[in-house]
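What the coordinates show
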Amino acid sequence: MESNNNNNKEKRQQRRRGKPCYFCKNKQETIDYKDIFRIKKFVSERFKILPRRMSGTCSKHQRAIAIAVKRARHLALIPFTVD
Ligand SMILES: [Zn+2]
């Protein structure tokens, strides 16, 4: 699933140093799927999960978000998609 993207034309993505991800900052290990207000910060207006470079979360918490979002969707706390 994880492929190396070898695009050498665009290599100006700066690491945001000194800015940890939202959940690391708050020392929050898990993300509650019932906490839809928080989850909604990490989905687009069409309820798609934001990519990591937009949300600024670390890979660990990005995964946790993905799980939380999927759970929340399953329980109809947030819609799957909006048309
Ligand atoms: Zn994190």
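Residues numbered from 1 in each chain as written. Predicted model: local features only at pLDDT ≥ 70, side-chain atom pairs only at ≥ 80, totals over all residues.

1. Remarks on helix 4 (residues 59–74)
Taking 1.5 Å as the rise per residue, helix 4 with 16 residues should run 22 Å; its terminal C-alpha atoms sit 22 Å apart, in good agreement. Taken together, the buried positions of helix 4 are His61, Ala64, Ile65, Ala68, Val69 and Ala72. One side of helix 4 carries all its buried residues, which in axial view fall inside an arc of 135°. More than 90 degrees from the buried face of helix 4, the exposed residues found are Ser59, Lys60 and His74. Each element contacted by the buried residues of helix 4 is listed here: helix 1 (22–25) and helix 2 (36–39). Within two residues after helix 4, Ala76 carries a phi angle of roughly 60°, on the positive side. (Helix = DSSP H or I, 4+ residues; strand = E, 2+ residues; numbered from the N terminus. Expected span 1.5 Å × (residues − 1). Buried ≥ 20, exposed ≤ 12 C-beta atoms within 10 Å, placed from the backbone. Arc of directions from axis to C-beta. Contact = placed C-beta atoms within 7 Å.)

2. Observations regarding the environment of Gln62
Position of Gln62 relative to the elements: it lies in helix 4. With 39 residues separating them along the chain, Gln62 and Phe23 place their C-alpha atoms 9.4 Å apart. With sequence-adjacent residues up to four places away left out, Gln62 is seen in contact with Arg52, Ser55 and Thr57.

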